[in-house]
Amino acid sequence: MLVAREDLYKYISPTTVEKGVKIYEFKVTLRKTTPTVERQILVQGDYTLEQLGRVAACAIGWHRKPFDLIDTDGTIMKGDRPWGHDHNRYDTDSEDETDSNEPDEGETKRKLARKIYISDHFVRQKKRLVMDYDKYRWIHDIRLVKTQDRDRKHYPKCIGGKNACPPYGCGPPEEYNSFLKSLKDPKHKDHINTKFFLNMSGQAKFNPTKFKASAVVFPN
């Protein structure tokens with residue numbers, strides 16, 4: 001399938017990386033989770049920051065939901081907005097108004113993640129981004145580990161990690177940790193309700209410590 005360059009940011013399925021394009025290794029950590037959910041991903045430098053956010057979210061195991069990226073200087077980079085989920089937690093500007101990379105003087109800096117390439121952003125001492133994901137405000141640290149030459153045909157790739165993605169619908173981090181306590185303890189007052197939720201949502205075999213990097217698939 002041929003895709004126009006201006007539309008490439010919409011896709012994250014593995015593709016052949018051109019010679020000379022650097023590969024970036026990132027560690028993605030989901031905050032406030034016990035056990036801690038982590039992933040290691042390889043992403044090509046000609047991906048945009050929006051694509052990086054989508055790869056990170058997919059590697060964790062999330063459904064596709066809205067997110068924003070926050071730089072170390074506080075700049076907010078508007079990320080993916082799937083159809084039907086176009087809310088913005090940080091401002092109420094229209095799409096036309098937020099389509100500029102130039103903030104008004106005195107305001108919080110706002111940019112579009114799909115207009116910034118990984119290779120342009122992670123320069124000098126820049127090593128980290130924060131991803132604010134979904135309405136439940138799941139916060140992820142995305143840290144650059146290293147850059148390298150390509151050593152395989154297709155990227156992106158999940159190369160490691162630990163622990164399972166929280167079940168869809170279990171709420172924000174604080175509720176997830178309570179959820180795990182009730183799941184583990186048959187005598188917990190919410191144990192039956194927790195098991196019922198997992199059964200009804202098709203997640204009856206959920207194991208919070210189970211993860212296989214080879215099972216991660218990056219769709220369009």
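> Help me understand the sheet that holds strand E8 (residues 138-148), please; the structure alone is not making it clear to me.
Strand pairing in a sheet relies on backbone hydrogen bonds, with the paired strands running either antiparallel or parallel. Ordered in space as E6-E5-E4-E7-E8-E2-E3-E10, the eight strands form an open sheet in which the pairing is mixed. Each of the sheet's edge strands pairs with one partner strand only, and the pair in question is strand E6 (110-112) and strand E10 (157-162). Ignoring strand direction, the axes of neighbouring strands in this sheet form an average angle of 25°. Judged from the six bridges that link them, strand E7 (residues 128-133) and E8 form a sheet pairing that is antiparallel. Within the sheet, the bridge partner assigned to Met 131 lies in E8 and is His 140.

> Please explain the environment of Asp 190 as it appears in this structure.
Counting through the fold element by element, Asp 190 comes out in the loop between helix H4 (173-184) and helix H5 (191-200). Along the sequence, Asp 190 and Ser 178 sit twelve residues apart, while their C-alpha atoms lie 9.3 Å from each other. Here Lys 189 takes part through its side chain, which lies 3.2 Å from a polar atom of the side chain of Asp 190.

Calculation criteria
- Residues numbered from 1 in each chain as written.
- Predicted model: local features only at pLDDT ≥ 70, side-chain atom pairs only at ≥ 80, totals over all residues.
- Heavy atoms only, no water.
- Pairing = 2+ DSSP bridges.
- Helix = DSSP H or I, 4+ residues; strand = E, 2+ residues; numbered from the N terminus.
- Axes fitted to C-alpha atoms, helices over the stretch in contact; angles between N-to-C directions.
- Polar contact = N/O pair within 3.5 Å; in protein donor to acceptor, adjacent residues only side chain to side chain.

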